[in-house]
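Secondary and tertiary structure notes
Here are the chains, one letter per residue:
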Amino acid sequence: MYTLIERAEAEIIVKKSRFIAIAIPASSLEEVKKAVESVRMEHPEANHVVHAAVVGKAGTLYSSSDDKEPKNTAGRPALEVLKGRHITNIAVCIVRYFGGTLLGTGGLVKAYGDSCKAVLDKVKTEELVEKTDMELLMDYSYLTQAKRIFQEMEALVVEEEYGTAVKLKIRLIKDKEEEMRHKLMDLGQGRITIR
């Protein structure tokens, strides 16, 4: 199972109707709702803002909406495309600006499915792995070497606070937590506080 790293966008035109597909990271159904509201605010003139979403560690929570398109012609086809990609914690919003030509139910199903495919072909994903945070307190003299260890262990610094000592919050793959503790203990000879 994979998860979305960052927002992505793709656009297709079908018989003068514009379909703008936007993939947004969303790790809960509440975040999906916020993503849809955010896209509506970005595109206030749009005729429809359809969505499809897959969330949860196992990718088993689904959400979709046809947003006033005929039933099962918009959100459902997009959701089926999304489910086939094994990506979770993702909301795909498809904005439609009507071009004046009716597409019919088959045309709508194809257009929304193709829009979802177009954006999914552009997304950046990473394998879904459990991550954990560690809080560190250290003397400035350890900072450069500690950052080398973070890089080597693929840990991300999410917060930095500089005062009389350096306070850091790092995020790393949970399976690497014990190894990180050992490396930092070796580096600081017990003078790096780990929480």
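Section: the sheet that holds strand E3 (residues 17-25)
If you trace the five strands from one edge of the open sheet to the other, you get E2-E3-E7-E4-E5, paired in antiparallel fashion. The two strands at the open ends of the sheet, each matched to only one other strand, are strand E2 (8-14) and strand E5 (61-65). Adjacent strand axes in the sheet meet at a mean angle of 15 degrees when their direction is disregarded. Relative to E3, E2 runs antiparallel, the two being bridged by seven bridges.

Quick notes on the nonpolar core
Core analysis: the largest hydrophobic core is formed by 27 residues, its most contacted members being Leu 82, Ile 90, Val 92, Ile 94, Cys 116, Val 119 and Leu 120. A per-element tally of this core places helix H3 (residues 104-120) first, with six residues. With 19 residues, the next largest nonpolar core counts Phe 150, Met 180, Leu 187 and Ile 192 among its residues.

Focus on the pattern of salt bridges
One pass over the full model with this rule turns up 19 salt bridges. Linking Asp 67 and Arg 40 is a salt bridge whose minimum nitrogen-to-oxygen distance equals 3.4 Å. Taken as a pair, Asp 67 in the loop between E5 and helix H2 (75-83) and Arg 40 in helix H1 (residues 29-42) lie far apart in primary sequence, 27 residues in all. Between Glu 152 and Lys 183 there is a salt bridge, with the nearest N and O atoms lying 2.5 Å from each other. With Glu 152 in helix H4 (residues 143-152) and Lys 183 in helix H5 (residues 177-188), this residue pair connects regions lying 31 residues apart in the sequence. Each of Asp 133, Glu 159, Lys 169 and Arg 171 takes part in salt bridges that share partners, so that together they form one network.

So, the packing of aromatic side chains
By the definition in use, this model includes two aromatic pairs. Where Phe 19 meets Tyr 112, the ring centres are 5.1 Å apart and the plane angle is 90 degrees; that geometry is what we call edge-to-face. Of this pair, Phe 19 sits in strand E3 while Tyr 112 sits in helix H3, and the two are 93 residues apart along the sequence. As far as burial versus exposure is concerned, Phe 19 and Tyr 112 are alike and both buried.

A closer look at the side chain of Ser 115
Assignment of secondary structure puts Ser 115 in helix H3. On the basis of relative accessibility, which here comes to 1%, the residue Ser 115 falls in the buried class. When sequence neighbours within four positions are dropped, the list of residues in contact with Ser 115 reads Ile 12, Phe 19, Ala 21 and Ile 94.

Some points on the pairing of strand E11 (residues 166-173)
Here eight bridges tie strand E9 (residues 131-138) to E11, and the two strands are oriented antiparallel to one another. Bridge assignment links Asp 133 to a residue of E11, and that residue is Arg 171. Counting the residues in the hairpin turn of strand E10 (residues 156-162) and E11 gives three residues.

Quick notes on the sheet that holds E11
Judged by pairing direction, the sheet is antiparallel, and its four strands sit side by side in the order E10-E11-E9-E12 without closing on themselves. Here the strands that pair on one side only, and so sit at the sheet edges, are E10 and strand E12 (193-194). In the sheet, E10 pairs with E11 via six bridges, with the strands oriented antiparallel. Residue Tyr 162 lies in a different strand from E11, and its bridge partner there is Val 166. Across the sheet, H5 touches E9, E11 and E12, and the angle it forms with E9 is around 10 degrees.

What counts and how
- Residues numbered from 1 in each chain as written.
- Predicted model: local features only at pLDDT ≥ 70, side-chain atom pairs only at ≥ 80, totals over all residues.
- Heavy atoms only, no water.
- Pairing = 2+ DSSP bridges.
- Helix = DSSP H or I, 4+ residues; strand = E, 2+ residues; numbered from the N terminus.
- Axes fitted to C-alpha atoms, helices over the stretch in contact; angles between N-to-C directions.
- Core = buried A, V, L, I, M, F, W, Y, C linked by side-chain atoms within 4.5 Å.
- Buried < 20%, exposed > 50% of the residue type's maximum accessible area, 1.4 Å probe, protein only.
- Salt bridge = Lys/Arg side-chain N within 4 Å of Asp/Glu carboxyl O.
- Phe/Tyr/Trp six-rings, centres within 6.5 Å; stacked < 30°, edge-to-face > 60°.
- Contact = heavy atoms within 4.5 Å.

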